[in-house]
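Descriptive structure summary
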Amino acid sequence: MSEGMISRVATRRILEERDDVVTICLPLFLAGGQEERDFAKENPCITVDGCSKMCALKGVKMYGKVQPKSSIVISEIIQKDKHLKPKSKSKIESEDEKLVHETMRIIKKQIEKVKEREE
Amino acid sequence: MSMEKKVAVAVCTGMDQPLATVSRYAGYYVLEKLRPDKTVLLCTPALIGGVKEDVTFAKENPVLVINGCRERCCEKIVNEAKGQIKAIINVDDVFKEHKDLQPESRAKLGPKGMKLAEIVGELAAKKVDEILAEVNNSGR
């Protein structure tokens, strides 16, 4: 899914910008990684899904028994803001940058909200 | 008349390690460049999320797994969903044979990492051909 790629790129760029967020390895989490699951239980979690199947959200709830503090879905951002759907699964084209930036803005806003609630 | 089988390619979706990124780029290389008409990308998070169409596809079509790191999560997830795994490539094993092709980072593979992804992709393309030859022979 090309939306999955937007989810990964936007999240990764945020990780590079800030030192108050980390990423959980989703496949490891889903495949039974106890360290990843414990981390998600002990820390506030935001899911960034690519499409409406929302597998990250479902997986975190189902396998980690964790209710994420916030859930973001790229396909909903595309629909709401009338962005063009990315064409490539493997690379960000210049026309996708606007969507990546909007996704980053939304993720950052949710991080701040979660941090405020946690304080 | 039976539908022509395609190989479902399952790649690592992890963001933690450069070898996960190599797994993904190798998968895209097979899917988009080397064997576009013979392969379909499998969404591994959807398998574990129980999305019916994805689970059914993995059960009804041969699966090629490209694991990123030694955790082998991709393989575990496909097995958990009872997908038909026909071949497995471990990027960390390929990397052991090409130690000079160290990817730059998880975000940017760089020329060496991309070369490693192409080598893995070429191995994957061979596996795709072998899998389809086997599937087609057994169907005769």
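Residues numbered from 1 in each chain as written. Chains lettered and ligands numbered in written order. Predicted model: local features only at pLDDT ≥ 70, side-chain atom pairs only at ≥ 80, totals over all residues.

1. What to know about the pairing of strand S2 (residues 70-73) of chain A
Residue and element names in this part refer to chain A. Direction of pairing for strand S1 (residues 46-49) relative to S2: parallel, over a ladder of four bridges. Bridging across to S2, Asp49 finds its partner in Val73. Regarding topology, helix H4 (residues 55-64) serves as the crossover connection from S1 to the parallel S2, and that connection is right-handed. (Pairing = 2+ DSSP bridges. Helix = DSSP H or I, 4+ residues; strand = E, 2+ residues; numbered from the N terminus. Right-handed = clockwise from strand over helix to strand, strands pointing away.)

2. Structural notes on the sheet that holds strand S2 (residues 39-42) of chain B
All names here are of chain B. The strand order across the open sheet built from four strands is S2-S1-S3-S4, with neighbouring strands paired in parallel fashion. In this open sheet, the two edge strands, each paired with only one partner strand, are S2 and strand S4 (84-90). Each adjacent strand pair in this sheet contributes to an overall mean axis angle of 25°, direction not counted. Sheet analysis places strand S1 (residues 7-11) next to strand S3 (residues 62-67), joined by four bridges and oriented parallel. Following the sheet pairing, Val9 is matched in S3 by Leu64. Of the strands in this sheet, S1, S2, S3 and S4 are in contact with helix H3 (residues 52-60), which crosses S2 at around 130°. (Axes fitted to C-alpha atoms, helices over the stretch in contact; angles between N-to-C directions. Contact = placed C-beta atoms within 7 Å.)

3. Description of the packing of helix H1 (residues 2-17) of chain A against helix H6 (residues 97-118) of chain A
Residue and element names in this part refer to chain A. With their axes 9 Å apart at the nearest point, H1 and H6 run at an angle of 60° to one another. Between H1 and H6, the crossing angle belongs to the class labelled oblique. Every pair of crossing elements has a handedness; the one defined by H1 and H6 is right-handed. For the pair H1 and H6, contact is made by Ile6, Val9, Ala10, Thr11, Arg13 and Ile14 and by Leu99, Val100, Thr103, Met104, Ile107 and Lys108, respectively. Its residues assigned to classes, the contact of H1 with H6 comprises eight nonpolar, two polar and two charged. (Parallel < 35°, antiparallel > 145°, perpendicular 65-115°, else oblique. Left-handed = near helix turned anticlockwise from the far one by under 90°. Nonpolar A, V, L, I, M, F, W, Y, C, P; charged D, E, K, R; others polar.)

4. So, the environment of B:Asn61
Residue placement: B:Asn61 occurs in the loop between H3 and S3. Setting aside residues up to four positions removed in sequence, B:Asn61 forms contacts with B:Lys5, B:Lys6, B:Val7 and B:Ala8.

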